[in-house]
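Here are the chains, one letter per residue:
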Amino acid sequence: MFSGARWIRQTTTLASNPDEIDVDTWVAFLYETTNLFKKMGSAMSVAFSDITSKAKIISDNKESFLKETGKEKVTLQDLIEWDLERKVERLNGENNHSELKSLKLPHDDYRQKYTSTARTVLRNLWLLDFLNHFMGGIHERREDKLSSIAKDAYHKGLGPHHS
């Protein structure tokens, strides 16, 4: 169930230290954002249902990072840098075969199915851009239909990335 107070707390926490974003707080923010969209009706919920899968990708990558590195703490930036060091930042699970074709990797190599945190977070940032336009639209256009505001926010925040 969505909690506006919890969402604002998470947003404030994330904004308070943008150079060291806690992975668990980021993932919790994504799940809470999903809960927000569920409250807005089935169209918004369906449209943004992949937020949950993106949160799980980041959470799973965090666990892999901790296991492989032996570290006890990890930030979102650590995960992105780890992707860059391993040259896996472009992998999305679907394009891996074409991205990795020249490497001739064994079928059980983790990169065959890996989805990059760096790529996933980039898409999360597009979502934040959408949310900025959407929330601003709700505030500024109080008499307009929510669907009209959402459509405009999509075209401004997400549309340029979906062409």
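Here's what I pulled together on the structure shown here. All of these numbers come straight from a predicted model, not from anything done at the bench. (Residues numbered from 1 in each chain as written. Predicted model: local features only at pLDDT ≥ 70, side-chain atom pairs only at ≥ 80, totals over all residues. Heavy atoms only, no water.)

1. A look at the overall build of the chain
Working step 1: Each helix and strand counted, the chain has eight helices and zero strands in total.
Working step 2: Listing the helices and strands of the chain from first to last along the sequence gives α-α-α-α-α-α-α-α.
Working step 3: C-alpha extents for the chain along the principal axes are approximately 55 × 35 × 25 Å.
Working step 4: When the 163 residues of the chain are sorted by exposure, 38% land in the buried category.
Working step 5: Roughly 10,100 Å² of accessible area belongs to the chain as shown, and the carbon and sulfur atoms make up 53% of that amount. (Helix = DSSP H or I, 4+ residues; strand = E, 2+ residues; numbered from the N terminus. Buried < 20%, exposed > 50% of the residue type's maximum accessible area, 1.4 Å probe, protein only. Areas by Shrake-Rupley, 256 points an atom, 1.4 Å probe, with all protein chains shown as cover.)

2. Side note on the side chain of Thr34
Working step 1: Within the secondary structure layout, Thr34 lies in helix α2 (residues 23–39).
Working step 2: Each residue touching Thr34, except ones within four places of it in the same chain, is listed here: Ile51 and Thr52. (Contact = heavy atoms within 4.5 Å.)

3. Some details on unusual backbone geometry
Among all residues save glycine, negative phi is the norm, and among peptide bonds the norm is trans.
Working step 1: Its identity as a non-glycine residue notwithstanding, Lys87 has a phi of 60°, on the positive side.
Working step 2: Tracing the chain through its elements places Lys87 in the loop between α5 (76–86) and α6 (96–100).
Working step 3: Residue Lys87 is classed as exposed on the basis of its relative accessible area of 68%.
Working step 4: For Lys104, which is not a glycine, the phi torsion comes out positive at approximately 50°.
Working step 5: Among the structural elements, Lys104 can be located in the loop between α6 and α7 (117–140).
Working step 6: By relative accessible area, which is 73% here, Lys104 ends up exposed.

4. Looking at the pattern of salt bridges
A side chain of one charge can pair with a side chain of the opposite charge when the charged atoms of the two come close.
Working step 1: This model, assessed by the stated rule, comprises 10 salt bridges.
Working step 2: With its nearest N and O atoms 2.8 Å apart, the salt bridge here joins Asp24 to Lys62. With Asp24 in helix α2 and Lys62 in helix α4 (residues 50–69), the pair connects residues that are 38 residues apart, well separated along the chain.
Working step 3: Glu63 is the salt-bridge partner of Lys62, the closest N and O atoms lying 3.9 Å from each other.
Working step 4: A relative accessible area of 45% places Glu63 in the partly exposed class.
Working step 5: Connected through shared salt-bridge partners, Asp24, Lys62 and Glu63 make up one network. (Salt bridge = Lys/Arg side-chain N within 4 Å of Asp/Glu carboxyl O.)

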